[in-house]
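A structural walkthrough
Below, each chain spelled out in residue letters.
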Amino acid sequence: MNDLARLARAVDKAAADIPLVRIGGHVRDVAPNLFQVRGLSKFAKLGDRIRIAAANGQVLGEVVRVGEQATTVKPFDGRAAVGIGATAYLAGASTLHPDPSWKGRVINALGEPIDGAGTIVCGDDPVAVDGDPPAAMTRQRIEAPLRTGVRVIDLFMPLSRGQRIGIFAGSGVGKSTLLSMLARSADFDTVVVALVGERGREVREFLEGPLKENQNRAVTVVATGDESPGMRKLALRSATAIAEYFRDRGDSVLLIADSVTRYAHAARDVALAAGEPPVTRGYTPSVFSELPRLLERAGPGREGSGSITGVFAVLVDGDDHNDPVADAIRGTLDGHVVLRRAIADEGRYPAVDILGSVSRLADIAWSPDQRTLVQTLKKLVARYEDTRDLRLMGGYQAGSDPELDRAVAMVPRLYDALRQGPQDPHSADVFTDVAQLLKA
């Protein structure tokens, strides 16, 4: 496409974004990170974008409540210098214009480049940020296994193309590191990464470290922890919309979200600002209705399209794996990988709890012989862990229980074989690799 065609397309997009007739109102009340706008109530809908004239330029916000007298707007920039009487215009539904050239770029939640590599090309067709999941009866069946290269996952909780799985862990247990290892997988056409509420220093570390191998086929959406709740909530929705765009083009997409819990925190903040009452540990009812809808957008696409394999990090507050958000997400996904602090304290990484993790689609990836082997290994691990206290107290005597003798001899070697760091090579055939390591 030449420069003249790009300019024409940009002009057409601008004309669509700024119509000849605009519906406007005026700011009535200003609160921290919240505006009340009069004059839009008859025209605005939840989720619509609003442009407000401010001292430091135009401010973009989202409608979070529509009242009879005023519309509540949550700005995407929490430092917006908006005063009473400022003009506000209705800007329509939240959309993006993805393009194949977005691969290799880093953008914010609004679809604006933040990597210093120049402007991005806007695609021809708008994509709704809050799209609908494919209808249940139109979706493809999940039938193709895939290899992540992470030994403990490929052995005990293997994934399939189009599956959605969560990584549940407390802070500092290795959740982001495991995600970075999964991001190196070469089994996908496109990788979409949503970094929601992350520390600013970790963004470049992730992009220039584990994602470097796949940077040319990755789109990264970033909303750091210092950005407004509106931006943090929007980031995961925008990343999902981009993943849907590439899925509909026929790509096999890997969607990585770090983390869904911070998305839930941002959604809670927005809902509380809109006047919604908290119900469970401060979370509002809308959080628990939004999460399944968002997560359902990942997965296999319609017949003839591609798929979105979703890997969602879930930060469990206080290491409580029965946290309401974690519990709601676990029931929606197709499996969960649990990381335990006690395992990390032993220096075993990834700190995966083999007995507490499960892939609901593992049978697609295993052959009958492999299934039998994995079940045998799990049985040995269970026996080994159940007798940990007995062995520490000196109550175990070799030769008194042949099965326990076998577990004591085998499981520590299995744990050593499953150790793997971000810099270690990926495993192409996990069963062969583990067998060789156990023989060593």
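Scroll up to find the structure this text is about.
None of these values were measured; they are calculated from a predicted model.

1. A short note on the packing of aromatic side chains
The tally for this structure, following the rule as stated, stands at three aromatic pairs. With centroids separated by 6.0 Å and ring planes inclined at 70 degrees, the aromatic side chains of Tyr283 and Phe288 adopt a geometry described as edge-to-face. With relative accessibility at 2%, the residue Tyr283 sits in the buried group. Given the relative accessible area of 24%, Phe288 is considered partly exposed. For the pair Tyr384 and Tyr415, a centre-to-centre distance of 6.2 Å together with 80 degrees between the ring planes defines the contact as edge-to-face. You can see Tyr384 sitting in helix H11 (residues 368-386) and its partner Tyr415 sitting in helix H13 (residues 402-418), a full 31 residues away along the chain. The class of Tyr384 is buried, set by a relative accessible area of 12%. Judged by relative accessible area, which is 9%, Tyr415 ranks as buried. In this structure, Arg22 is placed above the aromatic ring of Tyr89, and the distance from its NZ or CZ to the ring centre is 3.7 Å. A cation over an aromatic ring shows up here: Arg330 above the ring of Phe168, its NZ or CZ 5.0 Å from the ring centre.

2. Comments concerning the side chain of Thr224
Relative to the helices and strands, Thr224 is located in strand S12 (residues 218-224). According to the relative accessible area criterion, Thr224 is buried, its value standing at 12%. Within polar-contact distance, the side chain of Thr224 engages the side chain of Asp226 at 2.4 Å. Apart from the residues lying within four places of it in its own chain, the contact partners of Thr224 are Gly197, Glu198, Gly200, Val203 and Arg232.

3. Structural notes on the environment of Arg105
Counting through the fold element by element, Arg105 comes out in the loop between strand S7 (95-96) and strand S8 (106-107). Arg105 sits in the buried class, given a relative accessible area of 11%. Residues contacting Arg105, with those up to four places away along its chain left out, are Pro113, Asp115, Ala117, Gly118, Thr119, Ile120, Ala218, Val219 and Thr220. There is a polar contact of 2.8 Å between the side chain of Arg105 and the side chain of Asp115.

4. Focus: the pairing of strand S16 (residues 335-338)
Along S16, one buried face is formed by Gly335 and Val337 and the opposite face, lined by His336 and Val338, is buried too. Two strands pair when backbone bridges link them, and strand S10 (residues 164-169) and S16 are joined in this way by three bridges, in the parallel orientation. Each residue of the ladder has a partner; that of Ile167, found in S16, is Val337. With two bridges joining them, S16 and strand S17 (residues 358-359) adopt antiparallel strand pairing. Note on S17: the bridge partner recorded for His336 is Val358.

5. Quick notes on the sheet that holds strand S1 (residues 24-31)
Spatial strand order, S1-S2-S5-S4-S3-S6: six strands in a closed barrel with antiparallel pairing. Neighbour to neighbour, the strand axes of the sheet diverge by 40 degrees on average, direction disregarded. Lying on the sheet, helix H6 (residues 260-273) is in contact with strand S2 (34-38), strand S4 (57-66) and strand S5 (71-75); it crosses S5 at an angle near 150 degrees.

6. Describing the pairing of strand S15 (residues 307-315)
S15 sits mainly inside the fold: nine of its nine residues count as buried. In S15, alternate side chains face the same way, and those of Ser307, Thr309, Val311, Ala313 and Leu315 on one face and Ile308, Gly310, Phe312 and Val314 on the other are all buried. As paired elements, S10 and S15 share six bridges and run parallel to each other. Within the sheet, the bridge partner assigned to Ala169 lies in S15 and is Leu315. Pairing of strand S13 (residues 252-258) with S15 involves six bridges; the strand directions are parallel. Of the residues in S15, the one forming a bridge with Leu255 is Gly310. Examined bridge by bridge, strand S14 (residues 299-300) and S15 share two bridges and lie antiparallel to one another.

Rules behind the numbers
Residues numbered from 1 in each chain as written. Predicted model: local features only at pLDDT ≥ 70, side-chain atom pairs only at ≥ 80, totals over all residues. Heavy atoms only, no water. Phe/Tyr/Trp six-rings, centres within 6.5 Å; stacked < 30°, edge-to-face > 60°. Buried < 20%, exposed > 50% of the residue type's maximum accessible area, 1.4 Å probe, protein only. Helix = DSSP H or I, 4+ residues; strand = E, 2+ residues; numbered from the N terminus. Lys NZ or Arg CZ within 6 Å of the ring centre and 35° of its normal. Polar contact = N/O pair within 3.5 Å; in protein donor to acceptor, adjacent residues only side chain to side chain. Contact = heavy atoms within 4.5 Å. Pairing = 2+ DSSP bridges. Axes fitted to C-alpha atoms, helices over the stretch in contact; angles between N-to-C directions.

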